[in-house]
Amino acid sequence: MDIFNLKYYVIYFVFAIAAFIFSMYVDLKKKHYNNISRFITLVLFIIIAFLFGFRGIDIGSDTGMYRWLFITHSETDFGSQFGFKYLVFLISFFSDNYQYFLLAISILYLIIIFWSINVFLEDFESNFLLIAFAFVSLFFFIALGINIIRQGVSLALVLLAISYYFKNKKNTISWLLPFILAVGFHTTTVVILLLFLIIVLIKKASLNYYYYWYFILLGISALGGSILSLGSFLSYFLVMDRKRSDYYLGGGGMDEFVVGFKVQFVAFNTIFLIIFSLINYKLLNDENENYKLLLKYYMLMSGIFFMMFQIPFSDRWGVMSWITIPFLLAPLFSVKNSSKYSIATTAFLIFIFTFFSIYNNK
């Protein structure tokens, strides 16, 4: 693991240098240079994909399980996760080496993120590499790449769906199809689709209602309330996989994962909510409807996350809100800003990466 981490830190260091250079171009020269920015990002993403794909069996808590699943795929019931199933069968058709499967899913994860950023920038004019750097800087990025890899691909597809929705809302197929594929990789993603549709259907609802939702559920969670308090009904609504739902909501995994109110996650989500609120009201003057939609989703999903603190592996719900953070930071990487935010935001992201690298390795 130490060698793997060292390699990853070297790649991150190169990414950070490039991010600082481009942040200076954005702040000082008011230039994005997105052609070269895309190229550098693509090269670094490919390197990361090979690092993730050719990792050892001891790298990532779920790697051994995925190796076993790939080897025994013909006898495995994939349930409703058709996307993941067909990917496994496709790779096994060409090779029985599980390492190629890990490489394929790593490439898929990173290429879809790359693709989603590219589409997203058609609505938000920002520096490509700096948004990609925001992804790499956040602690969940590597977890989605080497641990919960099905959810990694699924959430990357969610970003692609949202980006296509922003690009052309009337082209329903272009954004609904990635959502459906996302559910095919990880069934809990159906929650994201439902929340997204709710926001779209009641798009005239004020942001204030979403702030109420966020802080009311935060308060309930702080007082010990959780999804467990609401009975079995929501287990059907929130988790389509019945075995997994019964396992978690029935107390399974308690010995492996500390449950309870998590101050560190509340602080993390709330700090970013403050930043996003300032961007929306001060930088965008509360006028960008797409940004407000993304902010609404962040608050809705954060509220659900807070209600999951009493079940094991609640961070896998947290990442469903965190995945939108780089897109919500995107306006800070734009040359349209009269003030200079890119350098400071890049330094902040490096601080976050460093802090969580130290925290997670204690």
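Caption draft 1: Representation of the overall build of the protein chain in the model. Each helix and strand counted, the protein chain has 18 helices and zero strands in total. Taking 2.2 N^0.38 as the reference for a compact globule, 362 residues should give roughly 21 Å; the C-alpha atoms of the protein chain span a radius of gyration of 20 Å, in line with that estimate. Referenced to the eigenvectors of the C-alpha coordinate spread, the extents of the protein chain come out at roughly 60 × 45 × 45 Å. Long-range contacts, defined here as pairs at least 24 residues apart, represent 78% of the contacts in the protein chain between residues at least 6 apart. By element, 66% of the accessible surface of the protein chain is carried by carbon and sulfur atoms, the whole surface being about 16300 Å². Mean positive and mean negative side-chain charge positions of the protein chain (25 and 18 charges, respectively) differ by 9 Å.

Caption draft 2: Focus on the side chain of His186. With respect to the helices and strands, the residue His186 is situated in the loop between helix 9 (172–185) and helix 10 (189–201). On the basis of relative accessible area, His186 is assigned to the buried category, the value being 13%. Not counting the four nearest positions on each side in its chain, His186 is found in contact with Gln81, Arg150, Gln151 and Ser154.

Caption draft 3: Representation of helix 18 (residues 342–360). For helix 18, with 19 residues, the first-to-last C-alpha span of 27 Å sits near the 27 Å given by 1.5 Å per residue. Those residues of helix 18 that are buried lie in contact with helix 1 (2–29), helix 6 (128–137), helix 14 (263–283) and helix 17 (325–329).

Caption draft 4: Structural view of the packing of helix 2 (residues 34–53) against helix 5 (residues 98–120). Running from amino to carboxyl end, helix 2 crosses helix 5 at an angle of 155°, the nearest separation of the two axes being 8 Å. On the basis of their axis angle, the class for helix 2 and helix 5 is roughly antiparallel. Between helix 2 and helix 5 lies a crossing of right-handed hand. Contact residues: helix 2 offers Arg38, Thr41, Leu42, Phe45, Ile48, Ala49, Phe50, Phe52 and Gly53, while helix 5 offers Gln99, Leu102, Leu103, Ser106, Ile107, Tyr109, Leu110, Ile111, Ile113, Phe114 and Asn118.

Caption draft 5: How the structure looks around the nonpolar core. If you look at the biggest cluster of nonpolar residues, it comprises 127 residues, and the most contacted ones within it are Phe101, Phe141 and Phe276. When residues in this core are grouped by element, the largest group, 13 residues, is from helix 8 (residues 149–167).

Caption draft 6: Structural view of helix 9. Over its 14 residues, helix 9 extends 20 Å from the first C-alpha to the last, a length consistent with the 20 Å expected when each residue adds 1.5 Å. Considered for burial, the residues of helix 9 that qualify are Ser174, Trp175, Pro178, Phe179, Ala182, Val183, Gly184 and Phe185. At its buried positions, helix 9 is contacted by helix 4 (82–94), helix 5, helix 8 and helix 10.

Caption draft 7: The packing of aromatic side chains, seen in detail. Under the defined criterion, the tally for this structure stands at 56 aromatic pairs. Their ring planes at 40° and their centres at 5.9 Å tell us that Phe15 and Phe133 sit as a pair that is tilted. Here Phe15 is found in helix 1, whereas its partner Phe133 is found in helix 6, with 118 residues between them in sequence. Phe133 carries the same exposure label as Phe15, and that label is buried. For the pair Tyr214 and Phe306, a centre-to-centre distance of 5.1 Å together with 75° between the ring planes defines the contact as edge-to-face.

Caption draft 8: Representation of the pattern of salt bridges in the model. Under the criterion given, the structure shown has five salt bridges. Lys292 is the partner of Glu289 in a salt bridge, and the nearest nitrogen-oxygen pair spans 3.1 Å. Remark: Lys292 and Glu289 occur in helix 15 (residues 289–306); sequence separation between them is three residues, near one turn of the helix. Taking the relative accessible area as the measure of exposure, Lys292 reaches 13% and is therefore buried. Through salt bridges that share partners, Asp286, Glu289 and Lys292 make up one connected network.

Conventions used here
Residues numbered from 1 in each chain as written. Predicted model: local features only at pLDDT ≥ 70, side-chain atom pairs only at ≥ 80, totals over all residues. Heavy atoms only, no water. Helix = DSSP H or I, 4+ residues; strand = E, 2+ residues; numbered from the N terminus. Rg over C-alpha atoms; globule rule 2.2 N^0.38 Å. Contact = heavy atoms within 4.5 Å. Areas by Shrake-Rupley, 256 points an atom, 1.4 Å probe, with all protein chains shown as cover. Lys, Arg positive; Asp, Glu negative; His and termini not counted. Charge placed at Lys NZ, Arg CZ, Asp CG, Glu CD. Buried < 20%, exposed > 50% of the residue type's maximum accessible area, 1.4 Å probe, protein only. Expected span 1.5 Å × (residues − 1). Axes fitted to C-alpha atoms, helices over the stretch in contact; angles between N-to-C directions. Parallel < 35°, antiparallel > 145°, perpendicular 65-115°, else oblique. Left-handed = near helix turned anticlockwise from the far one by under 90°. Core = buried A, V, L, I, M, F, W, Y, C linked by side-chain atoms within 4.5 Å. Phe/Tyr/Trp six-rings, centres within 6.5 Å; stacked < 30°, edge-to-face > 60°. Salt bridge = Lys/Arg side-chain N within 4 Å of Asp/Glu carboxyl O.

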